[in-house]
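Structural description and commentary
The chain contents come next:
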Amino acid sequence: MPATEPCTVQLAPDVHAYVQPDGGWCLNNAGFVSDGESTLLVDTAATESRARALRESLLATGAPLPRTVVNTHHHGDHSYGNGVFLPEATVIGHDSCRRELLAAGHQLHLIWPQTDFGDIRITAPTLTYNDRLTVHVGDVEVRLIHPGGVAHTPGDTVVHLPRHGIVFTGDLIFNDGTPFVPMGSLSGSLRALDVLRSLGAEIVVPGHGPITDPSAYDATERYLRFVAELAEEGHAKGLTPLETASGADLGVFAALRESERLVANLHRAYAELDGLPEGSPLDPVAVFADMAAMNGGVPVVCHA
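Described in the following lines is the structure provided in the data block.

Calculation criteria
Residues numbered from 1 in each chain as written. Predicted model: local features only at pLDDT ≥ 70, side-chain atom pairs only at ≥ 80, totals over all residues. Heavy atoms only, no water. Helix = DSSP H or I, 4+ residues; strand = E, 2+ residues; numbered from the N terminus. Rg over C-alpha atoms; globule rule 2.2 N^0.38 Å. Buried < 20%, exposed > 50% of the residue type's maximum accessible area, 1.4 Å probe, protein only. Lys, Arg positive; Asp, Glu negative; His and termini not counted. Charge placed at Lys NZ, Arg CZ, Asp CG, Glu CD. Contact = heavy atoms within 4.5 Å. Pairing = 2+ DSSP bridges. Right-handed = clockwise from strand over helix to strand, strands pointing away. Axes fitted to C-alpha atoms, helices over the stretch in contact; angles between N-to-C directions. Left-handed = near helix turned anticlockwise from the far one by under 90°. Nonpolar A, V, L, I, M, F, W, Y, C, P; charged D, E, K, R; others polar. Phe/Tyr/Trp six-rings, centres within 6.5 Å; stacked < 30°, edge-to-face > 60°.

In terms of helices and strands, the protein carries nine helices and 12 strands. What you see for the protein is a C-alpha radius of gyration of 18 Å, in line with the 19 Å of a compact globule of 304 residues. Taken along its principal axes, the extent of the C-alpha atoms in the protein is 60 × 40 × 40 Å. A total of 304 residues make up the protein; the buried ones form 56% of that total. Computing the positive centroid from 18 side-chain charges and the negative centroid from 37, the protein places the two 4 Å apart.

Before going further, it helps to spend a moment on the environment of proline 147. In this fold, proline 147 is placed in the loop between β9 (140–145) and β10 (158–161). A sequence separation of 46 residues divides proline 147 from leucine 193, and the C-alpha atoms of the two residues are 8.6 Å apart. Setting aside its immediate chain neighbours within four residues, proline 147 contacts Asp156, Leu172, Ala192 and Val195.

Checked against the element boundaries, threonine 244 lands in helix α7 (residues 241–246). Relative accessible area serves as the criterion here: at 7%, threonine 244 is assigned to the buried category. In this structure, threonine 244 is in contact with Leu230, Gly234, Leu239, Leu266 and Tyr270, ignoring residues within four places of it in sequence.

With five of six residues buried, strand β12 (residues 203–208) lies mostly within the body of the structure. In the sheet, strand β11 (residues 166–174) pairs with β12 via five bridges, with the strands oriented parallel. Residue pairing in the sheet places valine 167 in a bridge with valine 204 of β12. A crossover links β11 with its parallel partner β12, the connecting element being helix α5 (residues 186–199), and its sense is right-handed.

A few words on the sheet that holds strand β6 (residues 90–94). Sheets are built from strands paired through backbone hydrogen bonds, the pairs being either parallel or antiparallel. On the basis of which strands lie adjacent, the open sheet formed by seven strands has the order β1-β2-β3-β4-β5-β6-β7 and mixed pairing. The two strands at the open ends of the sheet, each matched to only one other strand, are β1 (7–12) and β7 (127–129). Neighbour to neighbour, the strand axes of the sheet diverge by 20° on average, direction disregarded. Across five bridges, β1 lies against strand β2 (residues 15–19) in antiparallel orientation. In the sheet register, cysteine 7 faces β2, and the bridge partner there is valine 19. Contacts from helix α1 (residues 48–60) reach β1, β2, β3 (30–34) and β4 (39–42) within the one sheet, and its direction differs from that of β2 by about 150°. Across the sheet, helix α3 (residues 95–104) lies against β6 and β7, angled at about 105° from β6, the strand it touches most.

Turning to the packing of helix α8 (residues 261–273) against helix α9 (residues 284–294), a few remarks are in order. Two elements in contact, α8 and α9, have axes separated by 7 Å at closest approach and are oriented at 145°. Regarding α8 and α9, the two cross each other, and that crossing is right-handed. Contacts between α8 and α9 involve Arg261, Val263, Ala264 and His267 from the former and Ala286, Val287, Asp290, Met291 and Met294 from the latter. Classifying every residue of the contact of α8 with α9 gives six nonpolar, one polar and two charged.

The next thing to look at is unusual backbone geometry. Of the consecutive residues proline 21 and aspartate 22, the connecting peptide bond is found in the cis state with omega at 0°. Here aspartate 22 shows up in the loop between β2 and β3. Even without being glycine, aspartate 176 reaches a positive phi, approximately 70°. Here aspartate 176 shows up in the loop between β11 and α5. Here glutamate 258, not a glycine, exhibits a phi torsion of approximately 55°, which is positive. Relative to the assigned elements, glutamate 258 resides in the loop between α7 and α8. Exposure remark for glutamate 258: the relative accessible area of 9% places this residue in the buried category.

A separate point is the packing of aromatic side chains. For the structure on display, the rule yields eight aromatic pairs. Measuring from ring centre to ring centre gives 6.4 Å for tryptophan 112 and phenylalanine 288, while their planes differ by 85°; the resulting arrangement is edge-to-face. Here tryptophan 112 is found in the loop between α4 (107–111) and β7, whereas its partner phenylalanine 288 is found in helix α9, with 176 residues between them in sequence. Judged by its relative accessible area of 18%, phenylalanine 288 is buried.

To continue, consider the sheet that holds strand β8 (residues 132–137). Taking strand neighbours across the sheet as the criterion, the five strands line up as β8-β9-β10-β11-β12 in an open arrangement whose pairing is mixed. If you trace the sheet from one side to the other, it starts and ends with β8 and β12, each paired once. On average, each strand axis in the sheet is tilted by 25° relative to the strand beside it, whichever way the strands run. With six bridges connecting them, β8 and β9 associate as antiparallel partners. Note on β9: the bridge partner recorded for histidine 136 is glutamate 141. The strands that α5 touches are β9, β10 and β11; relative to β11, the one it contacts most, it runs at about 165°. Against the sheet, helix α6 (residues 215–236) engages β11 and β12, with an angle of about 15° to β11.

None of the figures reported here should be taken as evidence of function without further support.
See below:
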C-alpha cells in the first residue's frame, strides 16, 4: 500500500530524501546530506508544522541540524519553512530565487486563506549565486546548478551529487503529477530537461511525487510538447486557453494528478506565442479561476 505519511528514504549512507505523499498541491519533497558533523538540507515545507516534522525526521537519522538550507526555487511549499532552521542555517538560493521570494511574500496565504500555515516568516536566501556553486558537506560535493534562463521559475536550482549519481530537481520534475509552468517558461522547462539529462544521475528526487529515475525526463518532455502543440492549435484558432483546455483530449496525461494545470500551462504557452519574454508575469486571478473551472468549478485545494 502506498505511503500516506511523510517518510525519510535513505538514498546513500550520507543522503536522504524526505517524501510527502501524495505530492499534490503544497506537498513537496525535500532531502538532506550529512556526514554526521554537518548537514545540508534541500528545501523545507509549506507549513510550520510540516517543516518541524521534517526537522524531527532529519534529527531522527542522527544528522545534526543543517548549517545550510538550499532552496530549489522560491515557491512557498519549498521555502516557507526556512525560518524553522534558523539561526543555525544559512539559506542559499539563486539570485532570482531571493528576489522572487521577497516579492511573493505570503503568496500561498492569499491563494489558500483557510490553510493553517502556522508562524511563517518569509526567509529569503542570504547567500546567492548566479550560474553554479559548489558546497562541500564533509567529503561530499554538492553542486548547485541554475539550468539557465527561466524554467519552472526564474530562479531554479538543481542539486546534483555527482559521486552518488543523485539529483534533486525541484519542480522541474513532478513525478505522477502534472507539470506547472505558468510562473516560468514552457520553452525554458524543455531546455532544463537537457541540463538534467547531461548530469547522468540515476536517482531522481522530483519536487513532488515518488523518487524516480531519468525516465521522468522523457515523461515530462512528452507532456510539455503536448501542451506546446495544443497551444499552437488553439492560439491559431483564436481560442482562449480555457476553451482550448476544455476541448482537449488529455489521453495518457489524464492519469496525472492536478490535470487542471493544463489551462495554467496554456496561459504560459499563449504568452510565449504572443512574444512575451519568458517568465513575464501572468494574471494569477485569471490563471487560478480557469483552473477552478477545469476542476469542476471548485478551487484547487492545498493538501498541506
